Amino acid sequence: MNVQNDISLKPYNTFGIDVKAKYFISISSVEDLKKVFSSEKFPQKFILGGGSNMLLTKDIDALVIHLNLKGKTVIEHTENEVLVQCQAGENWHEFVLWVLEHNFGGLENLSLIPGNVGTSPIQNIGAYGVELKDTFHACEALNLETLAIETFTNTDCKFGYRNSIFKQDVKGKYIIINVTFKLTTNEHKLHTNYGAITSELEDNSINQPTIQDVSKAVIAIRESKLPNPKEIGNSGSFFKNPVISKEAFLKLQNNFPDAPHYIVSETEIKVPAGWLIEQAGFKGKRFGNYGVHKKQALVVVNYGGASGKDIFELSKLIQKTVARIFGIPIEAEVNII
Ligand code: EPU
């Protein structure tokens, strides 16, 4: 096994933070993954997937394991549906494009989300009215204690808004090695009600969109609002949209009658954190080589050379200011390391 020393993690995290891994290994088979975990040589280990949902604030004094498991296969075909299994190290968007080339439906709204397939269930990625859980069939994961491979069904995963069992009960205990999706082969169910998609399709005079049209619309919307991590370091939404009580929302609405919101249940309302952050004056604000994106206040950006600590401090300042003005706590969506 090829373990390297003092490797910069800059190419491995979408924020582009330049911290070092004391030891680094890229793993491309489950056998090698098991070998690493059965060896006692490196007691401290750190798993790295697509590096798209983390803010690295310090050097990693451990063996960083870069999961590079590749492959995508159709494992079952029925009349209207297909089960597609994808290995954890595949890039999410490339997988979505592959699925669309085969005319399999269900993932089109999730086009262009950064990250890898293996980490997608952990936070139940979602966009434009669709979440991963809507097509997730099962995943296989390595139990780091027993080194057995276990299967998690959709119910086992306890999916919630940007949440799953892998962030809660079994956090840090498993490595997802592949994910199987149940996708449609015909009679695709389109989700085009999300305002921005509707207008994007209308602008292009598309009345009867295909799944490929929906994907193109989503790509256009995301490209117009969200910075490309290859150009400007970022981790997508830095914060989660807070879910508050109806009473708290009525108070907010009293002072801010135009506050956008979504009803979650009879007693709970979700408020877009991007709106709160914009109202707090942070949208487009730049602090040297880092700041808040000018087109989407939920996204914190590294213009190049910022440290993870700087960005972490900015996120704290945003949280404090939003809490002071609105009395609403906002929680980071990215993992702070
Ligand atoms: N808004 C503002 N100012 C901003 C940003 C948003 O006022 O700077 C307002 C918008 O006007 C709109 C509302 O907030 O009324 C919602 O905005 P948008 O539709 O852009 O969605 P979001 O709630 O900001 C969520 C996800 C995104 C996902 C979009 C689209 C979370 C934390 N974020 O953002 O996910 O792409 O919906 O479905 O739930 C990600 O997780 O990395 C991500 C980009």
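Not measured: the values here are computed from a predicted model.

Analysis parameters
Residues numbered from 1 in each chain as written. Predicted model: local features only at pLDDT ≥ 70, side-chain atom pairs only at ≥ 80, totals over all residues. Heavy atoms only, no water. Helix = DSSP H or I, 4+ residues; strand = E, 2+ residues; numbered from the N terminus. Rg over C-alpha atoms; globule rule 2.2 N^0.38 Å. Buried < 20%, exposed > 50% of the residue type's maximum accessible area, 1.4 Å probe, protein only. Contact = heavy atoms within 4.5 Å. Areas by Shrake-Rupley, 256 points an atom, 1.4 Å probe, with all protein chains shown as cover. Lys, Arg positive; Asp, Glu negative; His and termini not counted. Charge placed at Lys NZ, Arg CZ, Asp CG, Glu CD. Near = heavy atom within 4 Å. Polar contact = N/O pair within 3.5 Å; in protein donor to acceptor, adjacent residues only side chain to side chain. Domains from an automatic or database assignment. Pairing = 2+ DSSP bridges. Buried area = accessible area lost by both parts, 1.4 Å probe. Salt bridge = Lys/Arg side-chain N within 4 Å of Asp/Glu carboxyl O. Core = buried A, V, L, I, M, F, W, Y, C linked by side-chain atoms within 4.5 Å. Phe/Tyr/Trp six-rings, centres within 6.5 Å; stacked < 30°, edge-to-face > 60°.

Moving on, we come to the overall build of the protein chain. The helix and strand tally for the protein chain stands at seven helices and 20 strands. Over its C-alpha trace the protein chain gives a radius of gyration of 21 Å, about what one expects of a compact globule, namely 20 Å for 337 residues. Its C-alpha atoms put the protein chain at 60 × 50 × 35 Å along the principal axes. The proportion of buried residues among the 337 residues of the protein chain is 49%. Taking the contacts inside the protein chain whose residues are at least 6 apart along the sequence as the reference set, 61% of them involve residues at least 24 apart. Here the protein chain has roughly 16,500 Å² of accessible surface; of this, 47% comes from carbon and sulfur atoms. The protein chain carries 35 positive and 37 negative side-chain charges, and their two centres are separated by 8 Å.

What follows covers the site of the ligand. Lining the immediate surroundings of the ligand are 25 residues, of which Tyr 128, Tyr 161, Tyr 194, Glu 278 and Ala 297 lie closest. Note that an oxygen atom of the ligand is positioned 2.9 Å from one of the side-chain N or O atoms of Lys 225. One of the side-chain N or O atoms of Asn 241 is found 2.9 Å from an oxygen atom in the ligand. When the ligand sits alone it has 820 Å² of accessible area, and the protein chains cover 82% of it. Among the secondary structure elements, those contributing two or more residues to the shell around the ligand are strand E8 (126-127), helix H4 (211-225) and helix H6 (273-279). If one sorts the elements of the shell around the ligand by residue count, H6 sits on top with three residues. Of the residues that make up the shell around the ligand, three or more belong to each of domain 2 (72-225) and domain 3 (233-336).

The subject of this paragraph is the pairing of strand E12 (residues 174-184). Of all the eleven residues making up E12, ten are buried; the element is thus mostly covered by neighbouring parts of the structure. Where strand E7 (residues 81-87) lies against E12, seven bridges are found, and the strand directions are antiparallel. What sits directly across from Glu 81, in E12, is Thr 184. Strand direction decides the pairing type here: strand E10 (residues 136-143) and E12, joined by seven bridges, are antiparallel. Of the residues in E12, the one forming a bridge with Glu 140 is Asn 178.

Next up on the list: the domain arrangement of the protein chain. When its domains are assigned, the protein chain resolves into domain 1 (4-67), domain 2 (72-225) and domain 3 (233-336). Taking only C-alpha atoms, the centre of domain 2 and the centre of domain 3 are 25 Å apart. Contact with domain 2, which involves seven residues of that partner, is made by eight residues of domain 3. Here domain 2 packs against domain 3, burying approximately 720 Å² in sum over the two surfaces, 39% of which is carbon and sulfur. A per-residue breakdown of the area domain 2 buries against domain 3 is headed by Tyr 161, Arg 162 and Lys 225, which together make up 63% of the total. Linking domain 2 to domain 3 there are one salt bridge. Measuring nitrogen to oxygen at the nearest pair gives 3.4 Å for the salt bridge that ties Glu 333 to Arg 162.

Counting residues in hydrophobic clusters, the biggest one holds 45 residues, and the most contacted among them are Leu 9, Phe 239, Ile 277, Ile 311 and Ile 318. Element by element, the count of residues in this core is highest for helix H7 (residues 308-326), at five residues. Both domain 1 (4-67) and domain 3 (233-336) contribute no fewer than three residues apiece to this core. For Ile 318, the residues in contact, after removing those within four places along its chain, are Phe 239, Ile 277, Phe 282, Val 292, Val 300 and Ile 330.

So, about the packing of aromatic side chains. Considering all chains together, one arrives at 16 aromatic pairs under this definition. Residues Phe 95 and Trp 98 carry aromatic rings whose centres are separated by 6.3 Å and whose planes lie at 20° to one another, so their mutual orientation is stacked. Taken together, the positions of Phe 95 and Trp 98, both in helix H2 (residues 92-101) and three residues apart, correspond to about one turn of that helix. Note on accessibility: Phe 95 and Trp 98 belong to one class, buried. Both rings, one in Phe 152 and one in Tyr 174, keep their centres 4.9 Å apart while their planes meet at 90°; by these two values the pair is edge-to-face. Here Phe 152 is found in strand E11 (residues 149-153), whereas its partner Tyr 174 is found in strand E12, with 22 residues between them in sequence. The two residues Phe 152 and Tyr 174 agree in class, both being buried.

When you line up the elements, Gln 85 lands in strand E7. You can call Gln 85 buried: its relative accessible area is 17%. Side-chain polar atoms of Gln 85 contact the side chain of Asn 178, separated by 3.4 Å. Side-chain polar atoms of Gln 85 contact the side chain of Thr 180, separated by 3.3 Å. For Gln 85, the residues in contact, after removing those within four places along its chain, are Gly 71, Lys 72, Thr 73, Ile 75, Glu 140, Asn 178, Val 179 and Thr 180.

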